[in-house]
Amino acid sequence: MAFLEVMGIYKNFGKTEVLKGIDFSLEKGEVLAIIGSSGSGKTTLLRCLNFLETPDSGCITLNKEVLFDGRQYKNMREDEIRKKRLHFGLVFQSFNLFPQYTALQNVKLAAELMIKDERKEIVAAKAQWTAALEEVNQEAQNLLIRVGLEDKMHNYPWELSGGQQQRVAIVRALSMKPDILCFDEPTSALDPELTGEVLKVIKGLKSSDRTMIVVTHEMEFAKNVADKVIFMANGVIEEEGTPEQVFEHPKSPLTQAFLNKSFESI
Amino acid sequence: MGFTQVTLDLLISFKENCTIFAATLLFALPLGLLISMGSMNKFFPLRWVTKTFVWIIRGTPLMLQLFIVFYVPGIMFNAPMRDRMLATLIAFIINYACYFSEIYRGGIESIAQGQYEAGQVLGMTKAQIFFKVILLQVIKRIVPPMGNEIITLVKDTSLARIIAVGEILFAAERYAGRGLIWPMFYIGVYFLLFCGGLTLLFNYVEKKLDYFRG
């Protein structure tokens, strides 16, 4: 069984069928790029994985643990969902940093709240508490340094460029140590000259134990960084395979048409 | 009557205005939050009832509401309202809570959905998202309209005169009745100073929240 198994995901918004039976699997350490035109359901799929949307039916299994099962979902309690969604991290197209916190505080906030929440009962463990918070702080700083933001740690989001904000958002998503890190068109809101720095960071995150799913319009990036590419059209997976298969030898006429348009020179 | 004597006399009456002001804020600020939760509720009947209530209160003059609270219990239920101040406070608190509720609602609804979602995908609870992420952004956005409304409240306190609460306008009118006209105009200074102080306070709060944008 693969690390991530997604089976039969359906999702309607009212009468519009957005996802019409999505199946795919992903191995640990792989990078999956999802491409396709707007409205093909890429973002909705990503939001389903992160529990921001509830699929109408289907099943999501990660590391043999069933995270979502359309037949039982209604009985799931809120804190259960909260635990399950932590297996995934999500980087948004529009960053969604918290404006009232500095870059460092943005990265630390969720982890700090988690520690405080978990250890509220154990007052005796105060020392342990402080140690855990210090660890979070150290780790957050290390991550920010790693993406080249050591002198922007104490700046507020409005003081940062779009590229810097997105790098903070990536680090923030990493701070909760998700099993799978998802990106929803991470560079679509950026000026062209800032796209590169963010893509470089994402590429730099690739490692044997980090699994990533990237919804993107950056074809070069998908080609060079992904291990696996999915092309979506009209709510189904039209084609999937290695970058070479999908980009060099696309079988479906829809994929061919999409790629021709994407690489068309003006 | 000398100037100093009138000034002190009016100051004592102005204490009534201050009481109305402070008590209204104290109760209407939290009550407004409750009402705003009703008007944003997913449960349709509750939302409808709340919105209708807000429409009635905001759609009728505060002066009329004062009359109703003060006279209707006596006329209709044979239980005359004896305490004029109590009647004033009931009318003011309900009236201002409705206005505040709309300011809260506007503030809360103006926060982008992405802020909630960012908190959710980081595993934060609903309460954590509201208190740690949303609330301060809402406060920053509602300071200017709140300031406006609170300054209006200062001047509205003189409406209590209509049911003969001994506030500053009432006191000035008593002088006028005895042929002393200038206190009638002089009371403007009290309101001006009070509102001036509030303006400085709101400027200070706005400046304090200036460190972030969004």
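Quick caveat: nothing in here was measured; it's all calculated off a predicted structure.

## Focus: a nonpolar patch on the surface
Residue and element names in this part refer to chain B. Together, Phe53, Leu86, Ile90 and Ile94 give the surface a local cluster of nonpolar side chains, amounting to about 300 Å² of exposed area. In terms of residue count, the dominant contributor to the nonpolar patch is helix H4 (residues 84-109) (3 residues). Inspection of the secondary structure assignment puts Leu86 in helix H4. With a relative accessible area of 42%, Leu86 lands in the partly exposed category.

## Considerations on the pattern of salt bridges
It is possible for side chains bearing opposite charge to pair when their charged atoms get close. Tallying each qualifying case throughout the model produces 15 salt bridges over all chains. With a closest N to O distance of 2.7 Å, Glu117(B) and Arg47(A) form a salt bridge. Taken together, the residues Glu117(B) in helix H5 (residues 113-121) and Arg47(A) in helix H1 (residues 42-49) connect one chain to another. The closest approach of N and O atoms between Lys223(A) and Glu248(A), which form a salt bridge, is 3.8 Å. You can see Lys223(A) sitting in helix H7 (residues 219-225) and its partner Glu248(A) sitting in helix H8 (residues 243-248), a full 25 residues away along the chain. A relative accessible area of 29% means that Lys223(A) is categorised as partly exposed. Shared partners join several salt bridges into a network, and the residues in it are Arg58(B), Glu102(B), Arg105(B) and Glu109(B).

## With respect to the interface of chain A and chain B
The interface of chain A with chain B comprises 25 residues on the first partner and 21 residues on the second. Summed over both sides, the interface of chain A with chain B buries roughly 2200 Å², with 63% coming from carbon and sulfur. Taken together, the connections running from chain A to chain B amount to 1 salt bridge. For the pair chain A and chain B, the interface holds 10 residue pairs in polar contact (both at pLDDT 80 or more). For the side of chain A that touches chain B, the secondary-structure elements that each account for two or more residues are helix H2 (78-85), strand S6 (88-91), helix H3 (103-118) and helix H5 (162-175) of chain A. Here the element with the most residues in the side of chain A that touches chain B is H3(A); it accounts for 4 residues. Classifying every residue of the side of chain A that touches chain B by side-chain character gives 16 nonpolar, 3 polar and 6 charged.

## Section: the layout of surface pockets
By volume, the largest pocket is sized at about 970 Å³. Taken together, 24 residues line the largest pocket, and the ones lying closest to its centre are Lys42(B), Tyr116(B), Gln120(B), Lys126(B) and Phe130(B). Elements that contribute at least two residues to the lining of the largest pocket include exactly H2 of chain A together with helix H1 (3-39), H4, H5 and helix H6 (126-156) of chain B. Counted by class, the lining of the largest pocket contains 13 nonpolar, 4 polar and 7 charged residues. Put simply, the second largest pocket is a space of about 370 Å³. Along the walls of the second largest pocket sit 19 residues, with Ala111(A), Val136(A), Ser175(A), Met176(A) and Lys177(A) positioned nearest its centre. Secondary structure elements with two or more residues in the lining of the second largest pocket: H3, helix H4 (126-146) and H5 of chain A. Across the lining of the second largest pocket, the residue classes tally to 11 nonpolar, 1 polar and 7 charged.

## So, helix H7 (residues 168-177) of chain B
Of the positions making up H7(B), those classed as buried are Ile168(B), Ala171(B), Ala172(B) and Tyr175(B). The arc enclosing the buried residues of H7(B), seen along the axis, measures out at 95°, which places them on a common side.

## A closer look at the nonpolar core
Leu4(A), Phe24(A), Ile213(A) and Leu10(B) are the most contacted members of the largest nonpolar core, which has 107 residues in total. Setting aside residues up to four positions removed in sequence, Ile213(A) forms contacts with Leu4(A), Leu26(A), Leu32(A), Ile34(A), Leu46(A), Leu49(A), Ile180(A), Leu181(A), Cys182(A) and Phe183(A). Core analysis: the next-biggest nonpolar cluster, separate from the first, contains 45 residues, Ala103(A), Val147(A), Val225(A) and Val246(A) among them.

## A word on the sheet that holds strand S10 (residues 236-241) of chain A
Residues and elements named next belong to chain A. The strand order S6-S7-S8-S3-S9-S10 describes an open sheet built from 6 strands, whose pairing is mixed. The open sheet terminates on both sides in strands that have one partner only, identified here as S6 and S10. Sheet twist, expressed as the average angle between the axes of neighbouring strands with direction ignored, equals 20°. Relative to strand S8 (residues 211-215), strand S7 (residues 180-184) runs parallel, the two being bridged by 5 bridges. By the bridge assignment for S8, Phe183 is matched with Val214.

About the thresholds
Residues numbered from 1 in each chain as written. Chains lettered and ligands numbered in written order. Predicted model: local features only at pLDDT ≥ 70, side-chain atom pairs only at ≥ 80, totals over all residues. Heavy atoms only, no water. Patch = residues over 30% accessible without salt bridge, like charges linked within 9 Å, V, L, I, M, F, W, Y side chains within 5 Å. Areas by Shrake-Rupley, 256 points an atom, 1.4 Å probe, with all protein chains shown as cover. Salt bridge = Lys/Arg side-chain N within 4 Å of Asp/Glu carboxyl O. Helix = DSSP H or I, 4+ residues; strand = E, 2+ residues; numbered from the N terminus. Buried < 20%, exposed > 50% of the residue type's maximum accessible area, 1.4 Å probe, protein only. Contact = heavy atoms within 4.5 Å. Buried area = accessible area lost by both parts, 1.4 Å probe. Polar contact = N/O pair within 3.5 Å; in protein donor to acceptor, adjacent residues only side chain to side chain. Nonpolar A, V, L, I, M, F, W, Y, C, P; charged D, E, K, R; others polar. 1 Å grid on protein atoms, 1.4 Å probe; cavity = no way out; pocket = protein on both sides within 12 Å on 5 of 7 lines; lining within 4 Å. Points joined across faces, edges and corners; volume = space filled by probe spheres on them. Arc of directions from axis to C-beta. Core = buried A, V, L, I, M, F, W, Y, C linked by side-chain atoms within 4.5 Å. Pairing = 2+ DSSP bridges. Axes fitted to C-alpha atoms, helices over the stretch in contact; angles between N-to-C directions.

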